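These are the residues of each chain, in order.
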Amino acid sequence: MMRAPVFVILLTVLTACSSPQVPIAAPSPSPSVPASPLSPEPEPSPTPPAPTSLAGTSAKAVITPSGVIAPVLRAQEDGALVGTPCGNSAVVSTGVPLDGATVVLDPGHGGSEVGAVGPNGLTEKELNSAVTGFAQSSLRATGAQVFLTRTADYRITLEARASIVKALQPMAFVSIHHNAEADGQLPRPGTETFYQTVGSTSAESKRLAGLVYEEVVRALSQFQGIAWVGDTDAGAKYRKSSSGNDYYGIVRHTQGTPGVLAELAFLSNPPEADLLTRLDVQQAEGEAVARGISRFLTTEDPGSGFTEPYPRQAPAGGGGGAAGCTDPPL
């Protein structure tokens, strides 16, 4: 059955609710990489609705006065009991109620969890935020309601990210990352997208992974003369744990929503790190993710780039837990 076009999905005032993401102030590009032709000035953002009383709210999630998106655990007379980024709970008396979303995007890492760091000093957390901001803007231009799990530079656990997805029940979810520790050189970008293998949405998750992979590789391939690196099994793929479930927590905890973990390019590779400082490249990545999601929502396209992963014994990088996590102001 053909999916309803995303531009006919209800566009309400909530479209303007979450804090807009703006391009990062990246390190200066290498002399071998031309500077971005784009202006670093962010586009004017719409005025968000004023916070209202949350006493007795029936909302599934809220945008707190500080801009944090939090799932509602329970309505109370004095406000809403919400889940915090670090997995705690707190009462919020005012905020903007949210009752659903078309898409939820997840900028990986944040706060003291910086993720990968390029040889030029570019951190994954800031790069992920910039690319996610471009993806959000592109999807909103189609009429989609798009919200982010992390709206500023703070720590947030994997379970807290997933709880936002479960509360808003979007039609698609993508966690945006950049990679490190490649197997070696490749003749094309070493993009990887990981899909769910367990649950009712696994087939749709796989299709979403193939579409995002297809669009990101096409977008990055336009930049010529880059010595790309990647794993030998780069592509749209899965990774299972020893128990047979999905290995990556953000994919496992969001089962029930078509979800994908996307590693767009290798920040550890010097030529790619220099390329990724450019605003036009960040925009190309973000808009490519958005196109993949839009095609998922509006077509039956199957996607491409599916590959059989080789067995992995080494654990993924740490992080995503509550130990040492300090909640931001709500």
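Bear in mind the structure is a predicted one, so any value in this text is a computation, not a measurement. (Residues numbered from 1 in each chain as written. Predicted model: local features only at pLDDT ≥ 70, side-chain atom pairs only at ≥ 80, totals over all residues. Heavy atoms only, no water.)

(A) Representation of the state of the cysteines within the structure. One pass over the structure, following the stated rule, counts one disulfide. Disulfide pairing places cysteine 86 opposite cysteine 325 at an S-S distance of 1.9 Å. Disulfide cysteine 86-cysteine 325: torsion about the S-S bond near -70 degrees, hence left-handed. Here cysteine 86 is found in the loop between β4 (79-83) and β5 (89-92), whereas its partner cysteine 325 is found in the segment after α6 (279-298), with 239 residues between them in sequence. (Disulfide = S-S within 2.5 Å. Helix = DSSP H or I, 4+ residues; strand = E, 2+ residues; numbered from the N terminus.)

(B) Focus on α6. Helix length check: α6 (20 residues) gives 28 Å between terminal C-alpha atoms against 28 Å at 1.5 Å per residue, within 8%. Here α6 lies mainly inside the structure; 16 of its 20 residues are buried. (Expected span 1.5 Å × (residues − 1). Buried < 20%, exposed > 50% of the residue type's maximum accessible area, 1.4 Å probe, protein only.)

(C) Here's a closer look at the pairing of β5. Sheet analysis places β4 next to β5, joined by four bridges and oriented antiparallel. Following the sheet pairing, alanine 80 is matched in β5 by valine 92. Counting the residues that bridge the hairpin from β4 to β5 gives five residues, and of these glycine 87 lies at a positive phi of roughly 90 degrees. (Pairing = 2+ DSSP bridges.)

(D) Expanded view of the sheet that holds strand β8 (residues 146-148). Strands sit in the order β8-β7-β9-β14-β11-β13 across an open sheet of six strands; the sheet is mixed. This sheet does not close on itself; its edge strands, each paired only once, are β8 and β13 (235-237). Across the sheet, the axes of successive neighbouring strands diverge by a mean angle of 20 degrees, strand direction being ignored. Where strand β11 (residues 192-195) meets β13, three bridges bridge the pair, whose relative direction is parallel. Counterpart to glutamate 192 in the pairing with β13 is glycine 235. (Axes fitted to C-alpha atoms, helices over the stretch in contact; angles between N-to-C directions.)

(E) Structural detail: the sheet that holds β5. In space, the six strands of this open sheet follow the order β1-β6-β2-β3-β4-β5, with antiparallel pairing throughout. Two strands close off the open sheet at either side, each with one partner strand: β1 (52-53) and β5. Helix α2 (residues 158-168) rests against β2 (61-63), β3 (69-76) and β6 (94-98) of the sheet, and its axis sits at about 65 degrees to β3. (Contact = heavy atoms within 4.5 Å.)

(F) Highlighting the pattern of salt bridges. Applying the stated rule across the entire model yields 15 salt bridges. Among the salt bridges present, the one from glutamate 204 reaches arginine 207, with a minimum N-O distance of 3.3 Å. In this pair, glutamate 204 and arginine 207 are both assigned in helix α3 (residues 202-220), three residues apart and thus about one turn of the helix distant. On the basis of relative accessibility, which here comes to 22%, the residue glutamate 204 falls in the partly exposed class. For arginine 207, a relative accessible area of 8% gives the class buried. Glutamate 214 is the salt-bridge partner of arginine 218, the closest N and O atoms lying 3.9 Å from each other. Taken together, the residues span about one helical turn, with arginine 218 and glutamate 214 both in helix α3 at a distance of four residues. A cluster of three or more residues bridged by salt bridges with shared partners is formed by Glu214, Glu215, Arg218, Arg291, Arg295 and Asp301. (Salt bridge = Lys/Arg side-chain N within 4 Å of Asp/Glu carboxyl O.)

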